[in-house]
Amino acid sequence: DQQVKQNSPSLSVQEGRISILNCDYTNSMFDYFLWYKKYPAEGPTFLISISSIKDKNEDGRFTVFLNKSAKHLSLHIVPSQPGDSAVYFCAASEGAGNMLTFGGGTRLMVKP
Amino acid sequence: KAGVTQTPRYLIKTRGQQVTLSCSPISGHRSVSWYQQTPGQGLQFLFEYFSETQRNKGNFPGRFSGRQFSNSRSEMNVSTLELGDSALYLCASSLGLHTGELFFGEGSRLTVL
């Protein structure tokens, strides 16, 4: 039973355009959500997070949107750059704890 | 500041053997978590240690165990290895128990033959 799902295994975007990565969750107890980026042969790197008391959080080119009623979150990258090409994981936890439930990941390819 | 260090990076074992993986967290970080990454199951939480005590445990059999030392370094052990234990084992550290933001090491890739 996957509690966090990323339904798109891959996404291809042109440099300079917007990348939108989606994530759905089923567990209503999740109240803290994070996005991680992973390059090959490296561990995941934290990108951005959002608490359930917010519906949007921005950090530079990265914005995360949370729709609690739909149990859906998305990561927007604007503008996309070739260096953004990586696998992106969304993750969720209860109470901002360190026990994270991860989605399966979306491979983003940004073409020059 | 040095990142999370995991050793060994790669290892090959045979079924029935046991393995110990080591993790040195970022200096000052007191929480260490372990995750297993496989192509089929993705990233799954194994356990978390804080102040030498296991705080949370994921849904893994008792063959998977761990410990944390007074300097926050952690080890995880898998006994009676099975083919399905082949995976990338990732260690992550954080300042405390409720930060949510984890800093991951590069992982230890275990192959069980």
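Our structure's up above, just so we're on the same page.
All of the points below concern the structure found in this document.

1. As for the overall build of chain A
The helix and strand tally for chain A stands at zero helices and 11 strands. Secondary structure elements in chain A, listed N-terminal to C-terminal, are β-β-β-β-β-β-β-β-β-β-β. In summary, chain A has a C-alpha radius of gyration of 13 Å against a globular reference of 13 Å for 112 residues, a match within 12%. Taking the principal axes of its C-alpha atoms as reference, chain A extends roughly 40 × 25 × 20 Å. Counting the 112 residues in chain A, one finds 46% classified as buried. Looking at chain A alone, contacts between residues at least 24 apart form 54% of all its contacts between residues at least 6 apart. For chain A, the computed accessible surface area is about 5,400 Å², with 49% contributed by carbon and sulfur atoms.

2. Side note on the pattern of salt bridges
If the charged atoms of two oppositely charged side chains come close together, the side chains can form a pair. Residues and elements named next belong to chain B. Enumeration according to the criterion identifies seven salt bridges over all chains in this entry. Of the charged contacts, one joins Asp-85 and Arg-63 as a salt bridge, the two residues approaching to 2.8 Å between their closest N and O atoms. Of the two residues, Asp-85 is situated in the loop between β8 (74-78) and β9 (87-94) and Arg-63 in the loop between β6 (53-57) and β7 (64-68); the sequence distance between them amounts to 22 residues. When salt bridges with common partners are traced through the structure, they connect Arg-63, Glu-82 and Asp-85 into a single cluster.

3. Quick notes on the environment of Gly-42 of chain B
In this structure, Gly-42 of chain B sits in strand β5 (residues 42-50). Among residues more than four places away in sequence, those in contact with Gly-42 of chain B are Gln-36 and Gln-37 of chain B.

4. Concerning the packing of aromatic side chains
Evaluation of the coordinates by the stated rule reveals 12 aromatic pairs over all chains. Judged by centre distance (5.8 Å) and plane angle (55°), the rings of Tyr-36 of chain A and Phe-102 of chain A are tilted. With Tyr-36 of chain A in strand β4 (residues 32-38) and Phe-102 of chain A in strand β10 (residues 101-102), this residue pair connects regions lying 66 residues apart in the sequence. There is no split in this pair, since Tyr-36 of chain A and Phe-102 of chain A are both buried. When the ring of Phe-102 of chain A is compared with that of Tyr-35 of chain B, the centres are 5.5 Å apart and the planes differ by 90°; the resulting orientation is edge-to-face. Separated into two different chains, Phe-102 of chain A in strand β10 and Tyr-35 of chain B in strand β4 (residues 31-38) make up a pair that spans both. For the pair shown, Phe-102 of chain A and Tyr-35 of chain B are each scored as buried. Joined through ring pairs, the aromatic side chains of Tyr-36, Phe-46, Phe-89 and Phe-102 of chain A together with Tyr-35, Phe-45 and Phe-104 of chain B make up one cluster.

Reading the values: rules and limits
Residues numbered from 1 in each chain as written. Chains lettered and ligands numbered in written order. Predicted model: local features only at pLDDT ≥ 70, side-chain atom pairs only at ≥ 80, totals over all residues. Heavy atoms only, no water. Helix = DSSP H or I, 4+ residues; strand = E, 2+ residues; numbered from the N terminus. Rg over C-alpha atoms; globule rule 2.2 N^0.38 Å. Buried < 20%, exposed > 50% of the residue type's maximum accessible area, 1.4 Å probe, protein only. Contact = heavy atoms within 4.5 Å. Areas by Shrake-Rupley, 256 points an atom, 1.4 Å probe, with all protein chains shown as cover. Salt bridge = Lys/Arg side-chain N within 4 Å of Asp/Glu carboxyl O. Phe/Tyr/Trp six-rings, centres within 6.5 Å; stacked < 30°, edge-to-face > 60°.

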